[in-house]
Structure formats: C-alpha cells, structure tokens
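Residues per chain, in single letters:
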Amino acid sequence: REWKRGETGYGPVLEANVLSVSDRGSVTVRLTYFNRSGHETSRTTASLCGSNGRNVIRWNIGQAEPFSFRIVDSASDTNALLKALVEGNATIRVSAGVNIVEMPVSPALAAEVRMAVACSSPVEGSVKARAIRARNTVKTFKLNLGSFPVLVRKANTALLKGDARGTVAAIDVLMKAAMKGIPDRSAEKVHVAGHAHIDMNWLWTWQETVKSCHDTFRQMIAFIDQYKDVVFLQSQAASYRAIENLDPGLFRRISGRIREGRWEIVGGMLTEGDTNMSGGEALIRSFLLGQNYFMDKFGKLATIGWLPDNFGHISQLPQILKLAGCSYYYFHRCRPVFGTFWWQAPDGSRVLAYSNSNYNGHVSESVAKEIRDVVPAKKRLFLVCGVGDHGGGPTRVDINNAHRLDNSERFPSVKFTTAGEFFRKSLDEMKGRPVHAGEMQYQFEGCYTTIARIKEGNRNCEASLYTAELLASLGRMAGDIYPAEDFRKAWDIVTFNQFHDILCGSAIYESNAD
C-alpha cells in the first residue's frame, strides 16, 4: 500500500518535523502525509539545494525512514542555504510522480528548523535539553518566532558562527519573550493509556476479529519493544485466547510484558458483555471465566472493570465488580458526571469509577483543554488512547506527540502509565467528588428489541443451563459424574454471545448468523 513511482496522486501533508541537523549540513526530517490508499505514512527523502538563484527543498516520495536530506549543491554556500531555511526564505517542493507542489517555508517550520539546529549542537546535556524543550514548546503552542526579528537575528548570527552555546542562549531569551502570557500548567497530569477497543463481532465476523486482534497485538508489542515508556492495556479474555491459539510465540511475548508491567490486563470478563439483558448468573460466569483465564495464564487478576462501549450499566454491577476482584471501573456511555466519582450498589459496595469523552482518543495539544472540560478541579486526566472498534491502538504519531508535549515548557505532564496507576493516585484525590447510587442508563434503546431471535436464544440458554446444572448436581449426589467441563464450555459460548454488539442486535447480518 505504499506509494509507487508512476502513481499520480497523494494526500495532504499533515506535518513536517525536523528531527536533527548535523554539523555537516545533513538534516533529518519526518514528513507525514496520506498516501493514495488513504493511509497515513511517513516515508520520503529530500535534498536542499540552490536552483536558479532560489533556495529549494526538494522532497521526492521514497522509502527511506527516517527521512534525511543533505545540502548538496556545491555551487551554493551551505551556510547561506541554511540561513535562508531558518529565516523562511526557502521553498519546499514536494514531488510525487508527475505531481509537483511548491510552497514557501512557513515561519513555524523555520522556527522548528532553528530549534533542531540548536538541539543537534554538541553541547552538554542540560543545555541541549533546554533547547529540545524550546523546540517542542514552539510546536506545542504554535509560536511564530518570526514575529521577534531582533531576537531571531541574534539566534541566527550565533547559529551561523557555529556558536552552539550562544545559539541556545539566544533561543532561551527568545522563548522567554515568546511565552509571556502563557500560563504554567506543568503541575497538571495526563495519564496516557494505550488501548485498542476491539468489538468481538460488529461490522465483521469472528474470523476478522481474530485478525484484528493479531495485527493490533503484534504492533503494540513492536511499539513496546521500540519505546521504553509505552504501556498498553487490553480487556476481554476471549481476545487473548484467540492469540494463544493462533500465534503462541506472540502470546509468550505478551505474557512477558504483562509480568514486566508494560502490558496491563483489564476488564476481568470473557468479553465486554451487555449488563442489561444478561442474567445475573451469566454476568458472574463471565467474570469467573475471564478472571480464571487471567490467573491461569498470567498469574494475576484484572483489578479494573472495563466497559467503555456498553449501552447501560445495572445498579448491582459495583457489587459484582468488587466480588470479582475489581475495585475500579472505566466506562464511557451513560455517565452521570465527567471524571472520577464513587459508584455505589444497592448493598453499599463501592467502586471508584471514571468516565471521559472518548475511549478511542489521540494525543494532541487538545488534552490541555480536556483537563479543563473533564477534571477542572483535580488536574489529573485519564486519556484512553488508540484507534478502536476494529482494533489498532495508539499510533506512532500519538507516541511522538506524547513525548513532545511532555517536553514542552508550561504544558501539562503527558506520560504513558497503566490505568491502575491513574486510579491509585486518584484515590487520594476523591475529596469533594460525588457518589452515584443506582444504575446508569440508557443509550441506543432500539438495541433492546432488535434481532429478537438472538435475545430469545440467550434467555433460553441461560434457563436451560440453570436447569441442567441443578439436575446434574442432584445426579452427582446420587453418584453420577458431574459434567463440569461441558458446563464450562456451554457458559463460554453463552457469555461470549452476550458481547454488547451481539446480544444487543447492533451487528451486521453475517455476524448475527454466526
């Protein structure tokens, strides 16, 4: 699905990030754009050269990553070209097949190049760290340093003289001037939890669900291997079991990351089942099947209930969660309030619950606004990050954005953490937070009547299993063998089919036929 030479189209450029500039004039750049197939990609090479008296950056779509260009025109002075680039007097030429687009270097990109040059200078760590934070702050707050011409000239003069320390010092002064009036929110916290919501059946059947799980889990393991801070969480024991059967090697790698704390198991249920139409016994069996699987395979239980996409939540669920080993609950729909609150069952059982605006979120500057919208008093946001429904998880852009924002002056801390860490820290901040007693209902009311045959079949199965277990228990008292494994398999099928898009009848015809 990559762009191939001879194809004539490509999508819009999303962003151009200068990663580094070496003392030899080699510039490493990441250009992110949409290819012909509509997929976000970041593969290109470029060269900066003089052309007919103009300074031109030529980007030719290729396959090198990271993307590098070198100042190659020997007829032009390297410093003059670099000066033109950092002052915004160059032109970007993007070529893809027969299409050629030219655009001027924006002040924001020129500012980022300036920061990249400073960050690449051979200076001690603390000075370079300040330059990196300055570069990230320019991008985060979209500062236009071209509006400070005197200070910019001082930075450019030091840069072109090869005075690394002077360049960084000049940029420090420039940043202080540019950031006047920007409030300091660095004490606020954003907990980023990598996650991929995966519907067991919805607009696809089970075979495609297994492929989605495999693709997602394999990519998340690759990210965890590459980035030392990335943490991923996943619910639904059925998805883990599918990977255990399909790819034992990948399953062993996941198990290893779970032991290290880099991959978190949540949910505790076999699937993210509907709680309104499932019987009480079936809900408990789903937790029993899910938690037993987690304990058997990973040596631990899930401690966080996880039903982000369910269409309602029964009042007894806090009691069931506590008895199943879950003290916390994350959900999205039918919330009484944003943020943290205590959810109380009729028997008095409580869980610490949290709800926000999106369970398929992405990392961007908007997290600062979300803190004020969701948790204005507590200054601690839980961001569930990743492409979802059909799987996917956090993207490389999300990860890089988290690193950039976390290294931006005056911006809230943005770090990957487990959901457990967020909830444990929130426990100490519950003063003044509300208590909600009772159910949380309803959304998509049509799901309680549509595809009635599935609902009828579910209730018949629940009733039949109750009767069969009762009779088998009486038979055991008379000396017969109790068919425990047969009952386990039967409950496995029933509780799997109580997944919220199956039992609720919101899936496609082929899924219902399954």
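**Description of the overall build of the chain**
Logical step 1: Helix and strand counts for the chain stand at 16 helices and 18 strands.
Logical step 2: Taking all 514 residues of the chain together, the buried fraction comes to 53%.
Logical step 3: By element, 53% of the accessible surface of the chain is carried by carbon and sulfur atoms, the whole surface being about 22700 Å².

**Comments concerning the sheet that holds strand β15 (residues 350–355)**
Logical step 1: One open sheet holds the 5 strands; their spatial order is β12-β13-β15-β14-β18, and the pairing between them is mixed. Strand pairing shows two members of the sheet lacking a second neighbour, β12 (304–307) and β18 (435–437), which therefore form its edges. Neighbouring strand axes in the sheet, compared pairwise and without regard to direction, differ in orientation by 30 degrees on average.
Logical step 2: Examined bridge by bridge, strand β13 (residues 328–331) and β15 share 4 bridges and lie parallel to one another. Directly across from Tyr330, in β15, lies its bridge partner Tyr354.

**A few points about the side chain of Ser315**
Logical step 1: Inspection of the secondary structure assignment puts Ser315 in the loop between β12 and α10 (317–323).
Logical step 2: For Ser315, the residues in contact, after removing those within four places along its chain, are Gln344, Ala345, Pro346, Gly438 and Glu439.

**Section: the pattern of salt bridges**
Logical step 1: Following the criterion strictly, the structure yields 23 salt bridges and no others.
Logical step 2: Linking Asp373 and Lys369 is a salt bridge whose minimum nitrogen-to-oxygen distance equals 2.6 Å. Here Asp373 and its partner Lys369 are both found in helix α11 (residues 367–374), 4 residues apart, which amounts to about one turn of the helix.
Logical step 3: In this structure Lys369 comes out as exposed when scored by relative accessible area, which is 56%.
Logical step 4: Taking the shortest distance from any N to any O, the salt bridge between Glu429 and Arg380 comes out at 2.8 Å. Highlighted residues: Glu429 in the loop between α13 (419–427) and β18 and Arg380 in strand β16 (residues 380–385), separated in sequence by 49 residues.

**A closer look at the nonpolar core**
Logical step 1: Tyr240, Ile254, Trp263, Trp306, Tyr354, Phe382 and Val414 are the most contacted members of the largest nonpolar core, which has 70 residues in total.
Logical step 2: A total of 6 residues in this core trace back to one element, the largest contributor, which is helix α6 (residues 206–226).
Logical step 3: Setting aside its immediate chain neighbours within four residues, Trp306 contacts His195, Leu233, Ser235, Val266, Gly267, Glu272, Tyr329, Tyr330, Phe382, Val384 and Ala419.
Logical step 4: With 18 residues, the next largest nonpolar core counts Leu307, Cys326, Trp343 and Val351 among its residues.

**As for the packing of aromatic side chains**
Note on aromatic pairs: each is described by the distance of the centres and the angle between the planes.
Logical step 1: Applying the stated criterion to the full structure yields 29 aromatic pairs.
Logical step 2: Both rings, one in Tyr328 and one in Phe423, keep their centres 5.0 Å apart while their planes meet at 20 degrees; by these two values the pair is stacked. Of this pair, Tyr328 sits in strand β13 while Phe423 sits in helix α13, placing them 95 residues apart in sequence. Of the two residues, Tyr328 and Phe423, neither departs from the other in class, the shared state being buried.
Logical step 3: A centroid spacing of 5.4 Å and a plane angle of 45 degrees characterise the contact between Tyr482 and Phe487, whose relative ring orientation is tilted.
Logical step 4: Tyr482 gets classed as partly exposed once you look at its relative accessible area, which sits at 30%.
Logical step 5: Among the aromatic residues, those joined into a ring-pair cluster are Phe217, Phe232, Tyr240, Phe251, Trp263, Tyr293, Phe294 and Phe298.

**Considerations on the confidence of the model for the chain**
Logical step 1: Scored by pLDDT, the chain has a mean of 82; 76% of the residues are at 70 or more.
Logical step 2: In the model of the chain, strand β6 (residues 67–70) stands out as the element of lowest mean pLDDT, 34, in contrast to strand β11 (residues 263–265), which has the highest, 98.
Logical step 3: Note that pLDDT drops below 50 for residues 40–78; the model gives that stretch 122 contacts with residues more than four away or on any other chain.
Logical step 4: Within the model, the stretch residues 94–101 combines pLDDT values under 50 with 25 contacts to residues more than four positions away or in other chains.

**Looking at the environment of Phe444**
Logical step 1: Within the element layout of this structure, Phe444 appears in the loop between β18 and α14 (452–477).
Logical step 2: Overall, the relative accessible area of 44% leaves Phe444 in the partly exposed class.
Logical step 3: Put simply, Phe444 and Cys504 are 60 residues apart on the chain and 9.4 Å apart in space, counted from C-alpha to C-alpha.
Logical step 4: Those residues in contact with Phe444 that lie beyond four places of it in its chain are Phe311 and Arg333.

Here is what the cut-offs are and how they apply
- Residues numbered from 1 in each chain as written.
- Predicted model: local features only at pLDDT ≥ 70, side-chain atom pairs only at ≥ 80, totals over all residues.
- Heavy atoms only, no water.
- Helix = DSSP H or I, 4+ residues; strand = E, 2+ residues; numbered from the N terminus.
- Buried < 20%, exposed > 50% of the residue type's maximum accessible area, 1.4 Å probe, protein only.
- Areas by Shrake-Rupley, 256 points an atom, 1.4 Å probe, with all protein chains shown as cover.
- Pairing = 2+ DSSP bridges.
- Axes fitted to C-alpha atoms, helices over the stretch in contact; angles between N-to-C directions.
- Contact = heavy atoms within 4.5 Å.
- Salt bridge = Lys/Arg side-chain N within 4 Å of Asp/Glu carboxyl O.
- Core = buried A, V, L, I, M, F, W, Y, C linked by side-chain atoms within 4.5 Å.
- Phe/Tyr/Trp six-rings, centres within 6.5 Å; stacked < 30°, edge-to-face > 60°.
- pLDDT = per-residue confidence, 0-100.

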